[in-house]
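Residues per chain, in single letters:
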Amino acid sequence: MGIPVTIVSGFLGAGKTTLINQALQVSPYPREEIIIIENEFGEVGIDHKLLVHSEERVLQLNNGCMCCSLRSDLLAILISLLETIEEHQQPISQIIIETTGIADPQPIIQTLLTAPQLRGRVYIDSLLTVIDSDSFELIEREPQALKQLVMADRIFVSRKQNLNLSALKKLQREIKSINPLSDIRMFTHSETIQKKDFYNLKKFNHPLVFESDSSENHYNGKYYHQHHQVHEFKSILLTSDQDIKKDFLLQWIDWLILTNQGSLYRFKGLIALQEQDFIVAMQEVNEQVNFQYTTRQKDQTTIILIGKMLDEERIKQSFDKLLAESK
């Protein structure tokens, strides 16, 4: 599989560097086996003390970590790093990429998924997004910040001491209404996270897990969607007790991607195929669709789509057609 890559995104001042510094403190790996790639160097750097001037592309931290700037092309940096690692036979156990506060994570994901030079050498472990509990209303009005939230596998909320339990639960519901595919973890500047919350998550390609709160979600037959007042992001859940024919499913996926280019950001599903005895897990991101065979007994097909300005009625009709063709 190669070296796991964890992408850390989050809006300006959310606490990305704080989270990474905490992750370094609890790392299961020696510091010299971790590579950190930063989109830019802020006033507070990773572990604060750099041995080499920050204008150079490759930096050596005093604790042994390597740190790079993403000012130049990510693919070129990764190829150069991997060649250096392989030439010197240096064991590397983890790569962490920290994006800028206004960065769209999709181009990074696209590079890691599609570049042939990286195939078998690195893989995406998880996309983590950090948000500040005091700034969520601002995030809802910033398209790039929302995109980071929508794409996340796990969301870390930088919790302030004055955030009471009621406000915390409300915030969690609002986050889930935007991205029901993610899970949520809290962290503070004074309490270090646990290593199991950051490393070896394998959540990017993890099968769909969906937990709903019936008091907040609105169901209508086999369809589900969330209503948002501020932004145009939408999550749609499609379910069916009927087994689906694989060829028709693939045609439907092609149609779904083609007709929603630029608006469909991600979808996951657990599919009951006619041709398989067990559930098949499906994931799409950046128009790349992956299938994984599972040992889970067939129950129902469940698909969650997340995007912006999705034509919900048209998607419902196409799903109905898929089911009718599969009978």
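Residues numbered from 1 in each chain as written. Predicted model: local features only at pLDDT ≥ 70, side-chain atom pairs only at ≥ 80, totals over all residues. Heavy atoms only, no water.

Notes on the overall build of the chain
Then, in step 1: Scanning the chain from terminus to terminus reveals eight helices and 15 strands.
Then, in step 2: In the chain, the proportion of contacts linking residues at least 24 apart, taken out of those at least 6 apart, comes to 75%. (Helix = DSSP H or I, 4+ residues; strand = E, 2+ residues; numbered from the N terminus. Contact = heavy atoms within 4.5 Å.)

Observations regarding unusual backbone geometry
Then, in step 1: At Asn200, a position not held by glycine, the phi torsion is positive, near 55°.
Then, in step 2: Following the sequence through the fold, Asn200 ends up in the loop between strand 8 (183-187) and strand 9 (218-220).
Then, in step 3: Given a relative accessible area of 39%, Asn200 falls into the partly exposed group. (Buried < 20%, exposed > 50% of the residue type's maximum accessible area, 1.4 Å probe, protein only.)

A look at the side chain of Asp132
Then, in step 1: Relative to the helices and strands, Asp132 resides in strand 6 (residues 122-132).
Then, in step 2: A polar side-chain atom of Asp132 sits 2.9 Å from the main-chain amide nitrogen of Asp134.
Then, in step 3: Ignoring sequence-local partners within four residues, the contact set of Asp132 consists of Gly13, Ala14, Ser158 and Lys160. (Polar contact = N/O pair within 3.5 Å; in protein donor to acceptor, adjacent residues only side chain to side chain.)

Considerations on the pattern of salt bridges
Pairs may arise between side chains of opposite charge once their charged atoms sit close together.
Then, in step 1: Applying the stated criterion to the full structure yields eleven salt bridges.
Then, in step 2: When the shortest N-O distance is used, the salt bridge between Lys196 and Asp197 registers 3.8 Å.
Then, in step 3: Among the salt bridges present, the one from Asp243 reaches Lys298, with a minimum N-O distance of 2.9 Å. With Asp243 in the loop between strand 11 (233-240) and helix 7 (246-259) and Lys298 in the loop between strand 14 (288-297) and strand 15 (301-308), the pair connects residues that are 55 residues apart, well separated along the chain.
Then, in step 4: Judged by relative accessible area, which is 27%, Lys298 ranks as partly exposed. (Salt bridge = Lys/Arg side-chain N within 4 Å of Asp/Glu carboxyl O.)

Topic: helix 7
Then, in step 1: In this model, helix 7 (14 residues) spans 20 Å end to end at C-alpha, consistent with the 20 Å of a helix rising 1.5 Å per residue.
Then, in step 2: When helix 7 is considered as a whole, its buried residues turn out to be Leu249, Trp252, Ile253, Leu256 and Ile257. Summarising the axial view, the buried residues of helix 7 lie within an arc of 130°, below the 170-degree limit, and thus occupy one face. Turned more than 90 degrees off the buried face of helix 7, the exposed positions are Asp254 and Leu258. (Expected span 1.5 Å × (residues − 1). Arc of directions from axis to C-beta.)

Describing the nonpolar core
Then, in step 1: Counting residues in hydrophobic clusters, the biggest one holds 47 residues, and the most contacted among them are Ile37, Ile95 and Leu112.
Then, in step 2: With seven residues, the single largest contributor to this core is helix 2 (residues 74-88).
Then, in step 3: Per-domain counts for this core show at least three residues from each of domain 1 (1-195) and domain 2 (231-324).
Then, in step 4: In terms of nonpolar packing, the next biggest core, distinct from the first, is built from 21 residues, Trp252, Leu256, Ile257 and Leu323 among them. (Core = buried A, V, L, I, M, F, W, Y, C linked by side-chain atoms within 4.5 Å. Domains from an automatic or database assignment.)

Comments concerning the packing of helix 7 against helix 8 (residues 312-325)
Then, in step 1: At their nearest, the axes of helix 7 and helix 8 sit 10 Å apart, and the two run at 165° to each other. Our classification of the angle between helix 7 and helix 8 gives roughly antiparallel. Here helix 7 runs over helix 8; the crossing is right-handed. Listed contacts from helix 8 to Phe248, Leu249, Trp252, Trp255, Leu256 and Thr259 of helix 7 are Arg314, Ile315, Ser318, Phe319, Leu322 and Glu325.
Then, in step 2: Residue composition of the contact of helix 7 with helix 8, by class: eight nonpolar, two polar and two charged. (Axes fitted to C-alpha atoms, helices over the stretch in contact; angles between N-to-C directions. Parallel < 35°, antiparallel > 145°, perpendicular 65-115°, else oblique. Left-handed = near helix turned anticlockwise from the far one by under 90°. Nonpolar A, V, L, I, M, F, W, Y, C, P; charged D, E, K, R; others polar.)

Some details on the pairing of strand 12 (residues 264-271)
Then, in step 1: Within strand 12, eight of the eight residues are buried, leaving the element largely enclosed by the surrounding structure.
Then, in step 2: Inspection of the sheet shows strand 12 paired to strand 13 (residues 278-285) by six bridges, in the antiparallel sense. Among the inter-strand pairings, Gly269 is bridged to a residue of strand 13, identified as Met282.
Then, in step 3: The antiparallel pairing of strand 12 with strand 13 creates a hairpin that spans six residues between the two strands. (Pairing = 2+ DSSP bridges.)

Brief notes about the packing of aromatic side chains
Each aromatic ring pair is characterised by the separation of its centres together with the angle its planes make.
Then, in step 1: With the rule as written, the count across this model stands at four aromatic pairs.
Then, in step 2: Note on Tyr29 and Tyr199: the rings are 5.9 Å apart at their centroids and 85° apart in plane angle, and the pair reads as edge-to-face. Taken as a pair, Tyr29 in the loop between helix 1 (16-25) and strand 2 (34-38) and Tyr199 in the loop between strand 8 and strand 9 lie far apart in primary sequence, 170 residues in all. Accessibility assignment for this pair places Tyr29 and Tyr199 in one class, buried.
Then, in step 3: Pairing Phe156 with Phe187 gives two aromatic rings, centres 6.1 Å apart and planes at 80°, and the pair type is edge-to-face. Of this pair, Phe156 sits in strand 7 (residues 154-158) while Phe187 sits in strand 8, and the two are 31 residues apart along the sequence. The pair formed by Phe156 and Phe187 is uniform in burial state, with each residue classed as buried.
Then, in step 4: Taken together, the aromatic side chains of Tyr29, Phe198 and Tyr199 make up a single cluster linked through ring pairs.
Then, in step 5: The side chain of Lys147 reaches across the aromatic face of Tyr265, ending 4.3 Å from its centre. (Phe/Tyr/Trp six-rings, centres within 6.5 Å; stacked < 30°, edge-to-face > 60°. Lys NZ or Arg CZ within 6 Å of the ring centre and 35° of its normal.)

Some words on the pairing of strand 7
Then, in step 1: With five of five residues buried, strand 7 lies mostly within the body of the structure.
Then, in step 2: Residues of strand 7 alternate between two faces, with Arg154, Phe156 and Ser158 on one and Ile155 and Val157 on the opposite face, all of them buried.
Then, in step 3: As paired elements, strand 6 and strand 7 share five bridges and run parallel to each other. Looking at the pairing, Ile131 lines up with Val157 of strand 7.
Then, in step 4: With five bridges joining them, strand 7 and strand 8 adopt parallel strand pairing. Looking across to strand 8, one finds that Ser158 is bridged to Phe187.

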